[in-house]
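A closer look at the structure
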There are 2 protein chains.
Amino acid sequence: MTKPIPDPRHTLTLRDVSEASGVSEMTVSRVLRNRGDVAAPTREKVLEAARTLGYVPNKIAGALASQRVNLVGVVIPSLSNMVFPEVMTGISSVLDGTGLQPVVGVTNYLPDREESVIYEMLSWRPSGMIIAGLEHTEAARAMLGRAGIPIVEIMDIDGDPIDHAVGISHRRAGRQMAEAIITAGYRRIAFLGTQMPNDHRARKRLQGFEEALGKAGLTLVDREFYSGGSALLKGREMTAAVLARSPDVDFLYYSNDMIGAGGLLWCLAQGLDVPGRIGLAGFNGVELLDGLPRKLATMDACRLEIGKKAAEIIAGKAMPGEKVELFPTLQAGDTIRGR
Amino acid sequence: MTKPIPDPRHTLTLRDVSEASGVSEMTVSRVLRNRGDVAAPTREKVLEAARTLGYVPNKIAGALASQRVNLVGVVIPSLSNMVFPEVMTGISSVLDGTGLQPVVGVTNYLPDREESVIYEMLSWRPSGMIIAGLEHTEAARAMLGRAGIPIVEIMDIDGDPIDHAVGISHRRAGRQMAEAIITAGYRRIAFLGTQMPNDHRARKRLQGFEEALGKAGLTLVDREFYSGGSALLKGREMTAAVLARSPDVDFLYYSNDMIGAGGLLWCLAQGLDVPGRIGLAGFNGVELLDGLPRKLATMDACRLEIGKKAAEIIAGKAMPGEKVELFPTLQAGDTIRGR
DNA sequence: CCAGCGGCTGTTAGCGGTAACAGTAGCAGA
DNA sequence: TCTGCTACTGTTACCGCTAACAGCCGCTGG
């Protein structure tokens, strides 16, 4: 018996393992996948050979042959805003049990980029796709619709899903917050948010918010938008700008918690009476901010739950209707005065 | 000619496009990949057919045949701490130009989990791997070493890389911070950080920090560890605990900016004189926190640059030595008194 | 004593593309 | 006119693995 080591530079295949262990490739395949019956001693021999050779199976070949891919595409707009990491946590926690693996793609809120990310992912023939939002390019919708796999659009349910949707109604969330603010007696209300034409969820919240204001005979007193930069810092700057321009404002509604926190810190530093003289609210319920001197009023977006539900649909653990609506709870915190 | 539409439920292949456009599969393949010469009218016909059918290529088959995969595995411990998203940004910015695509895997600081993530990724035969840290299981190191692709270990250079390493010396970073603190005249110094046995970089920073203290004849006056929870909140709690236990402490060194920020807010709320009575410093230089009332002393970890350099190595745009060391700069902020 | 079955292993034929090579036609230059 | 080249298109042989099926053996039950 000569040294069985072939070309050390050659990447290993099933054949190498089968030769090293004296059985057919098929048997090796069966052992490594724990499929079908293999005699215990044979199994041992094979595992031993695979281990010493350092064999790593080629899933590309496996997937092509079996027409099965254990990947789930997850398409999200951003990783840097605290919200999607938590969705990912929810997804992973459910997928971990199944053999499925999430693969994330980031779009930076650009529709064309989203389209190409989706195309790229579909070309790997995943077992399912999870995509943030209901707004996509025509082509993207078409591709997804034809893919023949479960598609779950997450975060939002104000619209028509391709296949399934799991999320909250941002329109309603905006409305609810407005109602709470009005009930608390605030009347001169301003909005501060992202200037992102493609952040449809922020847009819908504002829409619902204004709708509810309108119903109470109110309109926004002022509004301020930003894009890019440190959210905390932007929150300070925008708040300063709004209060300079409209000194009589008595409530600031922020499109997310991060800028809301910046605004809160600024107000406190100015010695403003929060929530007496002025109230504040954000959106998302990011745990990250729990350590602020005062707790910002917010509304959790059910991120973990959304991730879990979406993953369950992909994994076939849930056979839901077209839309799954979750209901965020308002967390009044310390920045809205008690009625 | 009857309707050429086959089974609408059947996923499309090159053959479908070739039949629809009246050329061979090979020609279709060439058109779709922009490879080789194809007559303009033929190209048009093929593209038209592909478009109307809604054909999405099967990269699994393509990769198997061409032995080329445009994927780069990126293995990181966490997505939720602001540091890796920025590394990802650096990686993407470089990879975007090449045909390469990053695929992230998250390990939650668990070595075994890391090993299995690496195994899973290698089984898709990526063109390269980028992995946080230099500490891996024996098996993981072996797999990576045998994979025959470029491997870049990032963030840290205090150790022996498998192939390439791009990062900073955390030991040195800790030393530098200690020296700055001592120079500024602080003497009773405490450390507050994560209780994570597998956060090797935080460990090395502390090690370098204590080393430098030792050289100046000092030792840590107190130390406090935490795990899990909202970092900002933990920062408050730990700071309160340390100051209750060791009221004479005059400097707090945090293992990251987030808990440092929590501590800073707490100190300010207590009316403590920062940086006169007590100084603070963190680590990472997260832009997120720019909006704090006072700027926390920190050290940027060159995250963007690390991502870029690593991606350049994978993309073959750089042919560096084994280690690429970057040098963080100390940002004194407003929480270390001027000498 | 043999059919039948369960446990185990091997053989064959692809999965859907692409590399490499093999034409074919048209045209320029010798 | 013929050679040789360029531009274009097709044919063939895999890539590494798995589904499906085909043995083979030993044992059980009729």
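Conventions we followed
Residues numbered from 1 in each chain as written. Chains lettered and ligands numbered in written order. Predicted model: local features only at pLDDT ≥ 70, side-chain atom pairs only at ≥ 80, totals over all residues. Heavy atoms only, no water. Helix = DSSP H or I, 4+ residues; strand = E, 2+ residues; numbered from the N terminus. Pairing = 2+ DSSP bridges. Axes fitted to C-alpha atoms, helices over the stretch in contact; angles between N-to-C directions. Near = heavy atom within 4 Å. Polar contact = N/O pair within 3.5 Å; in protein donor to acceptor, adjacent residues only side chain to side chain. Nonpolar A, V, L, I, M, F, W, Y, C, P; charged D, E, K, R; others polar. Least-squares fit on C-alpha atoms with pLDDT ≥ 70 in both. Contact = heavy atoms within 4.5 Å. Buried < 20%, exposed > 50% of the residue type's maximum accessible area, 1.4 Å probe, protein only. Buried area = accessible area lost by both parts, 1.4 Å probe. Salt bridge = Lys/Arg side-chain N within 4 Å of Asp/Glu carboxyl O.

1. Structural notes on the environment of alanine 180 of chain B
- Mapped onto the elements of the fold, alanine 180 of chain B is located in helix α8 (residues 170-183).
- Sequence separation between alanine 180 of chain B and leucine 330 of chain B is 150 residues, and the spatial gap between their C-alpha atoms is 8.7 Å.

2. So, the sheet that holds strand β3 (residues 128-132) of chain B
All names here are of chain B.
- Spatially, β2-β1-β3-β4-β5-β11 is the arrangement adopted by the 6 strands of the open sheet, whose pairing is parallel. Every interior strand has two partners, whereas the edge strands, β2 (101-106) and β11 (323-325), have only one. Averaged over neighbouring strand pairs, the angle between their axes works out to 20° when direction is ignored.
- In this structure, strand β1 (residues 71-76) lies alongside β2, joined through 6 bridges in parallel fashion. Looking across to β2, one finds that valine 72 is bridged to proline 102.

3. Considerations on the protein's contact with DNA strand D
- Contacts to DNA strand D come from 24 residues, most closely from Leu14, Ser29 and Tyr55 of chain A together with Arg30 and Thr42 of chain B.
- Here DNA strand D approaches the protein such that, of its atoms within 4 Å, sugar and phosphate make up 72%.
- Take alanine 39 of chain B: an N or O atom from its main chain is 2.9 Å from a phosphate oxygen of DNA strand D.
- Among the secondary structure elements, those contributing two or more residues to the surface near DNA strand D are α2 (25-33) and α4 (59-66) of chain A together with α2 (25-33) and α4 (59-66) of chain B.
- With 4 residues, the single largest contributor to the surface near DNA strand D is α4 of chain A.
- Looking at the surface near DNA strand D residue by residue, the classes come out as 11 nonpolar, 9 polar and 4 charged.

4. A look at the relation of the copies chain B and chain A
- By a simple turn and slide, chain B fits onto chain A: the slide is 0.0 Å along the axis, the RMSD is 0.1 Å, and the turn is 180°. Both chain copies can therefore be described as sitting about a two-fold axis. Measuring from the rotation axis to each C-alpha of chain B, the shortest distance belongs to isoleucine 60 of chain B, at 2.8 Å.
- When the interface residues of chain B are mapped onto chain A, 100% of them are again interface residues, pointing to one common binding face.

5. Things to note about α2 of chain B
Residues and elements named next belong to chain B.
- Inspection of α2 places Thr27, Val28, Ser29 and Val31 among the buried residues, and these make up the whole buried set.
- Considering only its buried residues, α2 is in contact with α1 (14-21) and α3 (40-53).
- Positive backbone phi, approximately 55°, marks asparagine 34, located one or two places after α2.

6. Regarding the interface of chain B and chain A
- In this assembly, 45 residues from chain B lie in contact with 45 residues from chain A.
- Taking both sides of the interface into account, the surface hidden between chain B and chain A amounts to around 4400 Å²; carbon and sulfur atoms contribute 66%.
- It is Ile60, Trp124 and Arg125 of chain B in chain B that bury the most area against chain A; as a group they hold 16% of the surface buried on that side.
- Applying the counting criterion to the chain B and chain A interface returns 4 salt bridges.
- Across the pair arginine 113 of chain B and aspartate 96 of chain A runs a salt bridge whose closest N-O atoms are separated by 3.2 Å.
- At the junction of chain B and chain A, the tally comes to 18 residue pairs in polar contact (both at pLDDT 80 or more).
- Counting residues per element, the side of chain B that touches chain A draws most heavily on α4 of chain B, which supplies 5 residues.

7. A word on the protein's contact with DNA strand C
- In the region of DNA strand C, 25 residues are neighbours, and Arg30 and Thr42 of chain A together with Leu14, Ser29 and Tyr55 of chain B sit closest.
- Each atom of DNA strand C within 4 Å of the protein belongs either to a base or to sugar and phosphate, the latter forming 67%.
- In this structure, a sugar or linking oxygen belonging to DNA strand C sits 2.9 Å away from a side-chain N or O atom of glutamine 67 of chain A.
- Measuring from a phosphate oxygen of DNA strand C, one finds a side-chain N or O atom of arginine 33 of chain B at 3.1 Å.
- Listing elements by their share of the surface near DNA strand C, those giving two or more residues are α2 and α4 of chain A together with α2 and α4 of chain B.
- Here the element with the most residues in the surface near DNA strand C is α4 of chain B; it accounts for 5 residues.

8. With respect to the sheet that holds strand β9 (residues 279-281) of chain A
Residues and elements named next belong to chain A.
- Read from one edge of the open sheet, 4 strands run β7-β6-β8-β9, paired in parallel fashion. Looking along the sheet, the strands with just one partner apiece sit at the ends: β7 (222-226) and β9. Adjacent strand axes in the sheet meet at a mean angle of 15° when their direction is disregarded.
- Where strand β6 (residues 189-194) meets strand β8 (residues 251-254), 4 bridges bridge the pair, whose relative direction is parallel. In the strand pairing of β8, phenylalanine 191 is matched with tyrosine 253.
- The strands touched by helix α10 (residues 231-245) within the sheet are β6, β7 and β8, with β7 carrying the most contacts at an inclination of about 150°.

By themselves, these are just geometric observations and shouldn't be taken as functional.
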